[in-house]
Amino acid sequence: MSHVGVGPRAVTRSVAFLTAGVLTLPALAGCSSEDPSGKPLAGQDIASAARARIADGGTLHWAVDSVPDTLNTFQSDADATTTRVAQAVLPAMYRTDAHGRPVRDADYLESAKVVDTEPKQVVLYRLNQQAVWSDGREIGAADFAAQWRALSGKDSAYWTARNAGYDRIEKIERGANDLEVKVTFSRPYADWKSLFTPLYPKDVMGTPDSFNDGARRKLKVTAGPFSLKKVDTKDDEVVLARSPRWWGDQPKLSEIVLSAVPRDKRVSALAAGEVDLAEIDPETAEQVALAAGPRDAGTGTPVMGAGGSPAPGPGGTPLPGPDGKRSAADELRSWAVANGSDEEAADEETLAREKRREAAEKYQRRQRALRGFELRKSLEPAYTQLALNGADGPLADERVRRAVARALDREALAEAVLKPLGLPAEPVGSHLALAGQPVYADNSGALGGQDAKEARALLADAGWVPGGPVDEQEEEEEAAGAEGEKSKSEKSEKSGKSGKSGKSDKDDKDEEQSEGGDDGTYIVGEDNKNDDTDQESGEKHRTGKNTAQGGAPGAYAPKGTAAPAGSAVQPLAKDGKALTLRFVLPSGPGSEALRTVADRISGMLKKVGIGTDITKVSDESYFKDHIASGEYDLALYSWPTTAFPATDARPIYAKPVPAADGSLNVAQNYTRVGTDQVDQLFDQALGTLDEKEARDLLRKADSRIWAAAGSIPLYQRPQLTAARKNLVNAGAFGFGTPVYEDMGFLKKGAEGAPRSASPSS
């Protein structure tokens, strides 16, 4: 769920920053003799196969989120499909390997190196002599120079989304011959390998008009294994065809069709044979895994491996499919009602049984159709974080932000999302890189791990006290200003917050007996049941009243008996206001994991006295109207990690600065939390050509970002892909750039590489 392409909106709020020296930071991991970057937690899962085993020809139908509005990756409305097309049809000086590291693409680049550092940094590119554009013209210095001028930021007529790195170039010229390109920088630039990927022809970059409009729906000139055949907005597809001008290994596929298929429609598209490859959600992944087998030879029942779902069986074991929550006992009761003496109930149950039978038959037909697919899984080069808006409100106080962070069990949150999928469930320890990438080091120690006692101490130091008086007017103001769709439980109560709105007269009388809404009886063994959040599922299901007088299990103590210490935590308040944070979430399909994580976070915060007011909004407005505009306290969204964090991560953590109109320019720092020191460390990392020094500076910057507690990395995002079983060199790519010319379908009788039970590095 990357939102990098969404431009920030100006806000007019002040931002509070963590001053240097408040926290003592641990020694940098980068200073240790042992490399802290480690290995990727999960490797690629793409059914690797040698080219000789792949059939020549065929069309790959690949589900994508949308037909792009532009094919120019440097424009603000470019999206993931824009990148996918560019990777297949345009030159790239460098691509990323399975460890997320930049590697030279030999099809375009014979060599590239820094040849001078004094008085200026000079990089000499030597191009592959076979590299030509589809119109026959050699790729050369003129293309490099046109792209530099367009992206330098010096001409506002070019509608560019970013110019990082290109603004440091002083000049570009031809080298000793047409194959050499000499780039001179005005300032040292560590991430020079990030430039000219992709490289567009001078026909696109040469003028503002061609840049702004010339590559939105067409690319007349390309230089990749595939060329752009058409962008069909009517059928919602982009068609790529094998390029006759390609000089490298010839593509195995004849065509790649990128079809826009909504996430919630993909299982149907797979079953109908409309797509061969699709990223899918966990629910669809379970269906694909069940359908793929292996299956018991006698019964046809899926036999699941370690970490997978158990096979259905007799004796009440839940069945897969539409009746997955119905046991054999449920079916027995249903049969009894349908054949009972109550004719009306029998008729209703008979109809219900018929509907379930039809649904089950439909499900089985779908499962049979899905047997031609398999689940390929890895971890995306992206992580999900909890963002804390430090612009104003309680989270403007660094102590409150740190308390929120210290209340979280990040390992439990990672396990909630990744463990059911059979993926490594380790919390992310860096804002700037992921395990296996060179810059990665676990710097979370700069903030500290879960510690409820420390969290309460930080809140007390910030003036938030248990059971403080709360202005009743506050509830009314919040109700009047509430936005977004809320669930029934959210409308009736806010986690960790007291109030009487929406209660009956009887409830009011009950509350006169006890502030908690019951008769004050403490039930031994029922300590946690006053918490309305299920600790396993994160779901709310209580009304807040116990059933002591109604015969609930448990030993009853007399009224007034004190509950054990820690059995309940009073909400915190300050200056007549409860400590309740606005937690904004998307409501669309595919957001179930985020909502589960949010529920668990709310439960963790409640244990230290912090309430949460969860608001669910449409996917369309979630980022634009809430995250980018600062209308939230807590939010969950993801950032990608790249091979060039000094360049790509800086706008995310740069200190917001006032704009000329008095608004605040936050760039991509939607938490509004930043420090001058972090900015300086990024600048120093960008300006050194010593790779080890740059890594150490970035790790130090990451420690400072952790200490500021503006965002808390939680877990690496799962990457789940359904792929046709005979499709090879495609699937869950992890860190690696896809190699489009190697994708294809196995020859008859050929087999791909043996697959492990789970991705490995």
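Residues numbered from 1 in each chain as written. Predicted model: local features only at pLDDT ≥ 70, side-chain atom pairs only at ≥ 80, totals over all residues. Heavy atoms only, no water.

J.: In this structure, what is going on with a positive patch on the surface? I would like to understand it.
T.: Together, Lys362, Arg365, Arg368 and Arg371 line one region of the surface with positive charge. Locating Arg365 in the fold gives a position in helix 8 (residues 343-369). By relative accessible area, which is 48% here, Arg365 ends up partly exposed. (Patch = residues over 30% accessible without salt bridge, like charges linked within 9 Å, V, L, I, M, F, W, Y side chains within 5 Å. Areas by Shrake-Rupley, 256 points an atom, 1.4 Å probe, with all protein chains shown as cover. Salt bridge = Lys/Arg side-chain N within 4 Å of Asp/Glu carboxyl O. Lys, Arg positive; Asp, Glu negative; His and termini not counted. Charge placed at Lys NZ, Arg CZ, Asp CG, Glu CD. Helix = DSSP H or I, 4+ residues; strand = E, 2+ residues; numbered from the N terminus. Buried < 20%, exposed > 50% of the residue type's maximum accessible area, 1.4 Å probe, protein only.)

J.: Could you clarify how one ought to interpret the packing of helix 19 (residues 676-687) against helix 20 (residues 691-708) in this entry?
T.: Any two packed helices are characterised by the angle at which their axes cross and by the distance between the axes. Where helix 19 meets helix 20, the closest approach of the two axes is 9 Å, and the angle between their N-to-C directions is 165 degrees. Here helix 19 lies roughly antiparallel to helix 20, going by the angle between them. In the crossing of helix 19 with helix 20, the sense of the turn from one axis to the other is left-handed. In this structure, helix 19 uses Gln677, Val678, Leu681, Phe682, Gln684 and Ala685 to contact helix 20, whose residues at the interface are Ala694, Leu697, Leu698, Lys700, Ala701, Arg704 and Ile705. Considered class by class, the residues forming the contact of helix 19 with helix 20 number nine nonpolar, two polar and two charged. (Axes fitted to C-alpha atoms, helices over the stretch in contact; angles between N-to-C directions. Parallel < 35°, antiparallel > 145°, perpendicular 65-115°, else oblique. Left-handed = near helix turned anticlockwise from the far one by under 90°. Contact = heavy atoms within 4.5 Å. Nonpolar A, V, L, I, M, F, W, Y, C, P; charged D, E, K, R; others polar.)

J.: Can you help me understand the sheet that holds strand 13 (residues 465-466) in this one?
T.: Two strands in a sheet stick together by hydrogen bonds in their backbones, pointing the same way (parallel) or opposite ways (antiparallel). With respect to topology, three strands assemble into an open sheet ordered 13-16-17, the strand pairing being antiparallel. At either margin of the open sheet sits one strand with a lone partner, and together these are strand 13 and strand 17 (577-578). Sheet topology places strand 13 next to strand 16 (residues 572-574); two bridges connect them, and they run antiparallel. Within strand 16, the position partnered with Pro466 by the bridge is Leu572. (Pairing = 2+ DSSP bridges.)

J.: Sorry if this is basic, but what is going on with the side chain of Ser711 here?
T.: Within the element layout of this structure, Ser711 appears in strand 23 (residues 711-724). Residue class for Ser711 comes out buried when judged on its relative accessible area of 3%. If we ignore the near neighbours within four places in the chain, the residues touching Ser711 are Gln385, Leu386, Ala387, Leu388, His431, Tyr653 and Thr671.

J.: Explanation requested: the packing of helix 7 (residues 328-338) against helix 8 in the structure shown.
T.: Put simply, helix 7 and helix 8 touch, their axes get as near as 7 Å, and they point 135 degrees apart. Relative to helix 8, the element helix 7 lies oblique. Along the contact surface, helix 7 presents Glu331, Ser334, Trp335, Val337 and Ala338, while helix 8 presents Ala345, Ala346, Glu349, Thr350, Arg353 and Arg356. Classifying every residue of the contact of helix 7 with helix 8 gives five nonpolar, two polar and four charged.

J.: Help me understand a negative patch on the surface, please; the structure alone is not making it clear to me.
T.: Taken together, the side chains of Asp342, Glu343, Glu344, Asp347 and Glu348 present a region of like negative charge at the surface. Along the chain, Glu348 falls in helix 8.

J.: Is there a simple way to explain the nonpolar core in this structure?
T.: The nonpolar side chains of soluble globular proteins are, as a tendency, buried together. Judged by nonpolar contacts, the single largest core of 105 residues is most densely connected at Met93, Tyr125, Phe196, Leu240 and Tyr653. The element that contributes the greatest number of residues to this core is helix 2 (residues 141-151), accounting for seven residues. Aside from chain neighbours lying at most four places away, what touches Leu240 is Val85, Ala88, Val89, Phe226, Ser227, Leu228, Lys229, Ser254, Glu255, Ile256 and Leu258. Counting residues in hydrophobic clusters, the runner-up holds 63 residues, among them Val288, Phe373, Leu386 and Leu720. (Core = buried A, V, L, I, M, F, W, Y, C linked by side-chain atoms within 4.5 Å.)

J.: Explain the pairing of strand 10 (residues 255-260) here, please?
T.: A large share of strand 10 lies buried, amounting to five of its six residues. Of the pairings in the sheet, the one linking strand 1 (residues 59-64) to strand 10 comprises six bridges and is parallel in character. The residue of strand 10 that forms the bridge with Trp62 is Leu258. Two elements, strand 9 (residues 237-242) and strand 10, share five bridges in a ladder whose sense is antiparallel. The partner of Leu240 across the bridge, within strand 10, is Ile256.

J.: Sorry, what's going on with the side chain of Arg699 here?
T.: Relative to the assigned elements, Arg699 resides in helix 20. A polar contact is formed between the side chain of Arg699 and the backbone oxygen of Pro438, at a distance of 2.7 Å. (Polar contact = N/O pair within 3.5 Å; in protein donor to acceptor, adjacent residues only side chain to side chain.)

J.: Looking at this structure, how should I read helix 7?
T.: Every α-helical turn comprises 3.6 residues, leaving residues that sit three or four positions apart pointing alike. Listed as buried for helix 7 are Asp330, Ser334 and Ala338. The arc that holds every buried residue of helix 7, seen down its axis, measures 70 degrees, which confines them to one face. In helix 7, the exposed residues that point more than 90 degrees away from the buried face are Leu332 and Arg333. Where the residues of helix 7 are buried, they touch helix 8. (Arc of directions from axis to C-beta.)

J.: When you look at the sheet that holds strand 7 (residues 180-185) in this model, what are you seeing that I'm missing?
T.: Here we have four strands laid out as an open sheet, ordered 4-5-7-6, and antiparallel in their pairing. At either margin of the open sheet sits one strand with a lone partner, and together these are strand 4 (109-116) and strand 6 (169-174). Averaged over all neighbouring strand pairs, the angle between strand axes comes to 20 degrees, with direction disregarded.

J.: For this particular structure, what's the right way to read the confidence of the model for the protein?
T.: Interpretation of this model should avoid reading the predicted coordinates in detail wherever pLDDT is low. Within the protein, residue pLDDT values average 82, and 77% of them lie at 70 or more. Under a pLDDT of 50 for its full length, residues 295-320 has, in the predicted model, 37 contacts with residues more than four places off or in other chains. Overall, residues 474-563 carries pLDDT values under 50, and its contacts beyond four positions in sequence, including any with other chains, amount to 114 contacts. (pLDDT = per-residue confidence, 0-100.)

J.: Would you mind showing me how to read the pattern of salt bridges here?
T.: Between side chains of opposite charge, pairing is possible as soon as their charged atoms come close. Per the counting criterion, the structure on display carries 33 salt bridges. The closest approach of N and O atoms between Asp203 and Arg137, which form a salt bridge, is 3.7 Å. Linking Asp203 in helix 3 (residues 202-205) with Arg137 in the loop between strand 5 (122-127) and helix 2, this pair joins segments that are 66 residues apart in sequence. Note on Arg137: relative accessible area 23%, which makes it partly exposed. Here Glu374 and Arg376 are joined by a salt bridge, their closest N and O atoms 2.8 Å apart.

J.: I'm lost on the packing of aromatic side chains in this one. Help?
T.: How two aromatic rings sit relative to each other is given by the distance of their centres and the angle of their planes. One pass over the full model with this rule turns up 19 aromatic pairs. On the basis of an interplanar angle of 85 degrees and a centroid distance of 6.2 Å, the ring pair of Tyr94 and Trp192 is categorised as edge-to-face. With a gap of 98 residues between them, Tyr94 in strand 2 (residues 94-96) and Trp192 in the loop between strand 7 and helix 3 connect regions that are remote in the sequence. Taken as a pair, Tyr94 and Trp192 share a single burial class, namely buried. Ring centres of Phe623 and Tyr637 lie 5.8 Å apart, and the angle between their planes is 90 degrees; on these two criteria the pair is classed as edge-to-face. Taken together, the residues span a long stretch of sequence, with Phe623 in helix 16 (residues 619-627) and Tyr637 in strand 20 (residues 634-640) at a distance of 14 residues. Judged by its relative accessible area of 1%, Tyr637 is buried. An aromatic cluster of three or more residues is present, and its members are Phe74, Tyr94, Tyr125, Phe144, Tyr166, Trp192, Phe196 and Tyr200. (Phe/Tyr/Trp six-rings, centres within 6.5 Å; stacked < 30°, edge-to-face > 60°.)

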